[in-house]
Amino acid sequence: MSNLLPDELKNKIKSEYRLRRFITILYFILFIQVVFIVFILPSWLTSFYREKDLILQSDKMNNSISVLSASSTKSIIKSVNQKVGVINATLEYKEVVPVINTVLTNKSRYIKINQFAYKSNTASSSIMIIQGVSATRESLSDFIKGLEDTHSFKKIDSPISNFTKDRDIKFSITMTIGS
């Protein structure tokens, strides 16, 4: 196929083609930017007005906090302390430290205690749960017998599952404290 166009005209056509392609790309970029602005505008407006609302709420809270005086806060704290004092005076709690000391004095070197759990059922009775590991069945039996011999506990429950193994026994003992 023969080429009838002179070189000068070919170059002119190529440059015009490049210019049109460049303009098309610019229009496309402009179109994308306009679409972006159209889609981002509602979110921006929403966040702008939410920010204004939050600033107003913050100012209102700061004003309400400054209105409260230190004396009114003191009076509220004093009344709460008085109410807590009345509640503490009416409730009777068993002391836990002597009970723990009783358990620890009866513990042999073959008994390892992992956990003490204390629960107050009523004003006059409570429950303590001891969990641990015993080296042998005999040492666990001696430990429970020693606790029973102290007569410090109303009731001592040791499940039969504590005695199923001969060595390295994980045990749980429930003791009722009180009248």
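See the structure printed just above.
Residues numbered from 1 in each chain as written. Predicted model: local features only at pLDDT ≥ 70, side-chain atom pairs only at ≥ 80, totals over all residues. Heavy atoms only, no water.

**Points about the sheet that holds strand E1 (residues 111-120)**
- A sheet is described by the order of its strands in space; here 4 strands give the open sequence E1-E2-E4-E3, paired in antiparallel fashion. The open sheet terminates on both sides in strands that have one partner only, identified here as E1 and strand E3 (155-157). This sheet shows a mean twist of 20 degrees between the axes of neighbouring strands, independent of strand direction.
- Two elements, E3 and strand E4 (residues 167-178), share 3 bridges in a ladder whose sense is antiparallel. In the sheet register, Asp157 faces E4, and the bridge partner there is Thr174.
- The strands touched by helix H3 (residues 97-106) are E1, strand E2 (125-136) and E4; relative to E1, the strand with the most contacts, the crossing angle is about 155 degrees.
- Of the strands in this sheet, E1, E2, E3 and E4 touch helix H4 (residues 137-149), which is tilted by about 10 degrees from E4. (Pairing = 2+ DSSP bridges. Helix = DSSP H or I, 4+ residues; strand = E, 2+ residues; numbered from the N terminus. Axes fitted to C-alpha atoms, helices over the stretch in contact; angles between N-to-C directions. Contact = heavy atoms within 4.5 Å.)

**Description of the pattern of salt bridges**
- Under the definition given, this model contains 4 salt bridges.
- The shortest N-O distance in the salt bridge between Glu16 and Arg20 comes to 2.9 Å. With a gap of 4 residues between them, Glu16 and Arg20 both fall in helix H1 (residues 7-67), about one helical turn apart.
- Here Asp166 makes a salt bridge to Arg137, at a shortest N to O gap of 2.4 Å. Placement of the pair is Asp166 in the loop between E3 and E4 and Arg137 in helix H4, with a sequence separation of 29 residues. (Salt bridge = Lys/Arg side-chain N within 4 Å of Asp/Glu carboxyl O.)

**Brief notes about the packing of aromatic side chains**
- For the coordinates displayed, the defined rule picks out 3 aromatic pairs.
- Each ring, one from Trp44 and one from Phe48, has its centre 5.5 Å from the other, and the planes form 20 degrees; the classification is stacked. Taken together, the residues span about one helical turn, with Trp44 and Phe48 both in helix H1 at a distance of 4 residues.
- Summarising the aromatic geometry, the rings of Phe48 and Tyr49 are spaced 5.3 Å apart at their centres and angled 75 degrees between planes, so their arrangement reads as edge-to-face.
- Ring pairs connect the aromatic residues Trp44, Phe48 and Tyr49, which therefore count as one cluster. (Phe/Tyr/Trp six-rings, centres within 6.5 Å; stacked < 30°, edge-to-face > 60°.)

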